[in-house]
Amino acid sequence: MEQLKTIGREFAMGSQGAFGQSKEFLDLIKSIGEARSKAEEDRIVLREIETLKSRLSNPNTTKLKLREYIIRLLYVEMLGHDASFGYIHAVKMTHDENLLLKRTGYLAVTLFLNEDHDLIILIVNTIQKDLKSDNYLAVCAALNAACKLINEETIPAILPQVVELLGHQMEAVRKKAVMALHRFHQKSPGSVSHLISNFRRRLSDNDPGVMGAALCPLFDLILAEPDVYKDLVVSLVNILKQVVERKLPKSYDYRQMPAPFIQIKLLKILSLLGSGDKKASEQMYTTVGDIMREIDSTSNIGNAILYECICCVSSLHPNPKLLEAVAEAISKFFKSESHNMKYLGIDALSRLIKIGPEIAEQHQLAVIDCLEDPDDTLKRKTFELLYKMTKSSNVEVIVERMIEYMINISDTHYKAEIASRCVELAEQFAPSHQWFILTMNKVFEHAGDLVNAKVAHNLMRLIAEGFGEDDNAANSLLRSFAVESYLQIMGEPIVPSAFLQLICWVLGEYGTADGKYSASYITGKLCDVAEANASDDVVKAFVATALLKIYSFEIAAGRAVDMLPECKSLIEDMLASHSTILQQHAYELKAVLCLDAQAVKTIMPMDSSCDDIELDKNLSFLDVYVQQALENGAQPYIPENERSGLPIISKILEDQESTTSPALRFEAYELPKPSVAPNGTPSTELVPVSELPYAADIHQPSPAIASASGAGSTELKLRLDGVQRKWGRPTYSSPGPSTSSTDTVNIQHEPTQSNPVSLSDSIARDASYNSGKPGTKISPEKRRLAAWIFGDASKPEDRQLSSNQKVSSKYQNSGKARASRTAAENPSRPPPDLLDMSEPSVAAATVDPFKQFEGLLDLTQDNAPASAAGTSDFMPLFADMPLNAPSDGNNNSMPSAFGRNGYSSNGVEHSAQQFNKGSNLKEALEKDALVRHTGVTPLGQNPNLLKDLLR
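Numbering of residues begins from 1 in every chain and follows the order in which that chain's sequence is written. Only residues with pLDDT of at least 70 get local features here, since the model is predicted, and only at 80 or more are side-chain atom pairs given and counted; chain-wide, interface and lining totals rely on the full set of residues. Just so you know, side-chain values use all the structure's heavy atoms and leave hydrogens and water out.

Draft legend 1. Looking closely at the overall build of the protein. Per the secondary structure count, the protein includes 42 helices and 2 strands. When a residue's accessible area, from a 1.4 Å probe over protein chains only, is under 20% of the maximum for its type it is buried; when over 50% it is exposed; and in between it is partly exposed. Counting only residues that meet the buried cut, the protein has 43% of its 951 residues in that class. Here a residue-residue contact requires only that any non-hydrogen atoms of the pair lie within 4.5 Å. Sequence separation of at least 24 residues holds for 65% of the intrachain contacts in the protein that already meet a minimum separation of 6. As displayed, the protein has an accessible area near 52,900 Å², and 53% of this comes from carbon and sulfur atoms. Secondary structure elements follow DSSP: runs of H or I of four or more residues count as helices, runs of E of two or more count as strands, with numbering from the N terminus. Per-residue accessibility takes into account occlusion by the displayed protein chains alone, with areas from the Shrake-Rupley method and a 1.4 Å probe.

Put into structure tokens, the structure is as follows:
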């Protein structure tokens, strides 16, 4: 509002000097600008409205005064007040012969009216007349009004005149004619489909502005049908090359960049034409590569062109050289301190992740920095990138980070989106069922009712179906794990309703299945849930169903049912509830408690959640009853698709009832009239209601725009062979076949192949990224997190994150799964021996390691070597153990003589004396060797020698 006031004040001051506006108008602008409140501003505007009403109704008002009043009406309208009483005066002003008044009138009607206004019919004749004017300014004003006010019905009235203006001698008229024709195509594609070839012709116009205006309709047409315009690739590449080589006039430069907006539009069009087309893409490689190499990235407009080049490369057929140039360009974005540039870098990586995943690995540290950046927009964009690059090896870390971010945000819409993405990734890449359950617990706990209801049903199905029918032990462990986790969650103060429904279902089905928890304990927990959610009838209904299952299983097992007092109280409350559903659950529960074990087994079988239910759609079990009713005189059932005559019958009954005295009607209401399909038969189809998908990023294609009829061989194809360049020096191209796409090719056309990035390249990229930030030191935690997410070969095996990120037990499952996969991939490699300290190239010894201890530590051998042939060196195992050296016979303590490798400088015998904890070390080793074969604990003085050695 303040900006609007400032613009109005400047306009009024300028108008007073240029066009002689009155002091009254200037005072109006000044008083509105100095208003201290909205109420004071409204009072000023309302007083002005009353003044304008009286002034406009005066027939003696001069044209210049009338023009001022129309401008004041514009200001009133912009401030949000109704100025419709003056619309007709603006329409009349468009008929004036004075060019200044005419242009003012056109400006006013384009701001006052819309294409469906009643006064539009008065504008059409004026526009037709002005389109034939000799003054090109009047023609331009009429074309501007036509773009805003002409609707689908009035397009044929002025379309021929607009087409004629495409050949006007003034470039401004031709440009506005192209814009008007584009607008007509957007409103009614069918009415201008035969004129699409005019857009092709305008590409070779002498004026670059007309050519740039023609790019906009061509972009819409190519977006709908790119295959029809493949022949324009060479022409558009040549135009882009001329623009880059500064063949256009200097007036088209912006910030020393040649026609940047035309370059961006051309790159957008080329990306559409080259998508999935190798031949077309090869014609663009050289020009796009030259732009990326020579662009000035120090200005915003240069970065905009560079970003558009990256988007173009992401849609073209992959080229290794261009991908390297893209990687360098993205590194420029990440080196910038601006969040906008980093945002462009993340967005560019998101576009390239499918065709060049190694590019994201080159910038892994920059991605981690953006993930930890305080800017929320940048962080969200980074999560979108991680969502696209998730795989089975990094799903745990990425989902955990997404859940942490979901907990800390308050935006419900984005929280629901993050939750749906976590669920989708967990369902697709879960390393184990236990991890999936834990992840779903976190999502339900923190996202609450924002999670799609379908997610809860999928989790129920997973717990019910388990790993399969043949793995009952694993299924039992999975269900027991789910029960234990849900019992812990029930103790929290706030649990979402949707999550409580899931918990009640699982506890009802499997709460007492493994025998770990008694029925009294589970039912007590369920009653606590119902008491804590007394106002939620849905949760109470789930609790009642769970109680019914638990008590049914107890009765079927032959155990006596001992109902807790709180359960009895809950049933009494449900019987007295206003909800008929809760009453029905309570009556069913009471009825089941009175049945015997055999009846309960029949109606409530154990673990029948996965059983297929056979539905008898014909209700054949009612055939006997229906036959008896028909014999007793009942009317036969009329199918729904045969009830077309019922309205006539109901009308006859109404006529009969109208003759009798008025009385109460006790028969049922008449059936609604069926909807009739186009073929004349009543429609019985149900309207499908689509569920909201909980996958995040679904992009719908743009609506198709009708293509030109007969756009094949009849349309003109732009050829630049032998044609003089319009904007450059008067030189001619060779009349031979065009080779513009292959002249001085700096980027070789190589076939698509995988281009993995080596570790050295990744380190070089990281060093390049950090070189732009002096004094920045990469923490080991950040490198470890990057290795986790991007799957670096150098990631540590201990699987630890930073100190503030504790790894839960869920990672152990994925670690075991990966270990099993590694063993499966390398079947020839034997499992590693924990006691094998030899070099990797030496095969593991097959002798008993305890015999090796005996030979190594035998005190009878004279100066036994530290490492004999065929045996392993075990002394490094003792390097970290405390030294408790006994004193010798002279009461002199033995000095510690260990070097860096843990070996004694006096030989192995010296070390053996240091670690001699028992009276006879050899005897103790023999006893421990006996344990290994027999499993009997020795009774000597040192029974825990092996434990001490391997501690």
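From this point on, the discussion continues.
Draft legend 2. Local environment of the packing of aromatic side chains. Aromatic pairing here means that ring centres of Phe, Tyr or Trp (its six-membered ring) are within 6.5 Å. Orientation follows from the plane angle: under 30 degrees is stacked, over 60 is edge-to-face, and everything else is tilted. For the structure shown, the criterion picks out 8 aromatic pairs. Seen from their ring centres, phenylalanine 383 and tyrosine 405 are 5.0 Å apart, and the 35° between their planes marks the pair as tilted. Pair noted here: phenylalanine 383 is in helix H22 (residues 376–388) and tyrosine 405 is in helix H23 (residues 395–408), with a separation of 22 residues, a long-range link. Here phenylalanine 383 matches tyrosine 405 in class, with each residue buried. Arranged with centres 5.5 Å apart and planes meeting at 15°, the rings of tyrosine 517 and tyrosine 521 form a pair that is stacked. Following the ring pairs from residue to residue traces out a cluster consisting of Phe383, Tyr405 and Tyr414. Note on criteria: charge over ring means Lys NZ or Arg CZ within 6 Å of the ring centre, with the direction from the centre no more than 35 degrees off the ring normal. Its guanidinium or amino end placed over the ring of tyrosine 414, arginine 380 lies 4.0 Å from that ring's centre, counting from NZ or CZ. Directly above the ring of tyrosine 387 sits arginine 421, whose terminal nitrogen or CZ lies 4.9 Å from the centroid.

Draft legend 3. Examining the environment of leucine 165 more closely. Following the sequence through the fold, leucine 165 ends up in the loop between helix H9 (155–164) and helix H10 (171–187). Judged by its relative accessible area of 8%, leucine 165 falls in the buried class. Remark: the alpha-carbon pair of leucine 165 and alanine 177, spanning 12 residues in sequence, is separated by 6.2 Å. Once residues within four sequence positions are removed from consideration, leucine 165 is found in contact with Leu131, Val139, Leu143, Val173, Arg174 and Ala177.

Draft legend 4. Spatial organisation of helix H16 (residues 285–294). Among the 10 residues of H16, 8 are classified as buried, and the element is accordingly described as predominantly covered. Every buried residue belonging to H16 is among Tyr285, Thr286, Thr287, Val288, Gly289, Asp290, Ile291 and Met292, and all of these are buried. In this structure, the buried residues of H16 make contact with helix H13 (233–244), helix H14 (260–274), helix H15 (278–282), helix H17 (300–315) and helix H18 (320–335).

Draft legend 5. Structural detail: the packing of helix H29 (residues 519–532) against helix H31 (residues 565–575). Every angle, taken between N-to-C directions, lies between 0 and 180 degrees, and every axis is a line fitted to C-alpha atoms, over only the stretch in contact when it is a helix. Look at H29 against H31: their axes get within 9 Å of each other, and the N-to-C directions meet at 45°. With respect to their mutual orientation, H29 and H31 come out oblique. Classified by chirality, the crossing of H31 by H29 is left-handed. Judged by residue contacts, Thr523, Gly524, Cys527 and Ala530 of H29 engage Glu566, Cys567 and Leu570 from H31. By definition in this entry, angles of less than 35 degrees are roughly parallel, angles greater than 145 are roughly antiparallel, angles of 65 to 115 are roughly perpendicular, and the rest are oblique. Left-handed is the label given to a crossing in which the near helix is rotated counterclockwise from the far helix by less than a right angle, and right-handed is the label when the rotation is clockwise.

Draft legend 6. Molecular detail of the pattern of salt bridges. One side-chain nitrogen of Lys or Arg within 4 Å of one carboxyl oxygen of Asp or Glu is enough to make a salt bridge. Inspection of the entire model under this criterion finds 27 salt bridges. The salt bridge involving aspartate 347 is made with arginine 351; its shortest N-O contact spans 3.1 Å. Note that aspartate 347 and arginine 351 are positioned in helix H19 (residues 339–352) at a spacing of 4 residues, about one turn of the helix. For aspartate 347, a relative accessible area of 10% puts it in the buried group. One connected set of salt bridges, linked through shared partners, spans Glu24, Glu48, Arg55, Glu68 and Arg72.

Draft legend 7. Up close: the nonpolar core. The biggest cluster of nonpolar side chains holds 215 residues, and the ones touching the most others in it are Ile127, Leu459 and Tyr486. Per element, the largest residue contribution to this core is 11 residues, and it comes from helix H30 (residues 537–556). With residues up to four places along the chain from it excluded, the contact list for isoleucine 127 reads Tyr106, Ala142, Ala145, Ala146, Ile150 and Ile158. As used here, the term nonpolar core means buried Ala, Val, Leu, Ile, Met, Phe, Trp, Tyr and Cys residues forming a set that is joined through side-chain atoms within 4.5 Å.

Draft legend 8. Geometry of H22. Each helix should span, by expectation, one fewer than its residue count multiplied by 1.5 Å. Relative to the 18 Å expected for 13 residues at 1.5 Å per residue, H22 spans 19 Å between its end C-alpha atoms, a close match to the ideal helical length. The complete set of buried residues in H22 reads Leu378, Lys379, Lys381, Thr382, Phe383, Leu385, Leu386 and Tyr387. Where H22 begins, the side chain of aspartate 375 points an oxygen toward the backbone nitrogen of threonine 377, at a separation of 3.3 Å. Under the rule applied, a polar contact is a pair of N or O atoms within 3.5 Å (in protein, one hydrogen donor and one hydrogen acceptor; residues adjacent in sequence only if both atoms are side-chain atoms).

Draft legend 9. Structural view of the packing of H13 against H14. At a minimum axis separation of 10 Å, H13 and H14 run at an interaxial angle of 155°. Between H13 and H14, the interaxial angle falls into the category roughly antiparallel. The element H13 and its partner H14 pack so that their crossing is left-handed. Contact residues: H13 offers Val233, Leu236, Val237, Ile239, Leu240, Val243 and Val244, while H14 offers Ile262, Gln263, Leu266, Leu267, Ile269, Leu270 and Leu273. Here the term charged refers only to Asp, Glu, Lys and Arg, the term nonpolar to Ala, Val, Leu, Ile, Met, Phe, Trp, Tyr, Cys and Pro, and the term polar to all other amino acids, Gly among them. The class makeup of the residues in the contact of H13 with H14 is 13 nonpolar, 1 polar and no charged.

Draft legend 10. The arrangement of unusual backbone geometry in detail. We note that arginine 246 has phi near 60°; this positive angle belongs to a residue other than glycine. Position of arginine 246 relative to the elements: it lies in the loop between H13 and strand S1 (253–254). You can call arginine 246 partly exposed: its relative accessible area is 43%. Its identity is not glycine, yet arginine 255 carries a phi of approximately 55°, on the positive side. Residue position: arginine 255 is located in the loop between S1 and strand S2 (257–258). Judged by its relative accessible area of 61%, arginine 255 falls in the exposed class.

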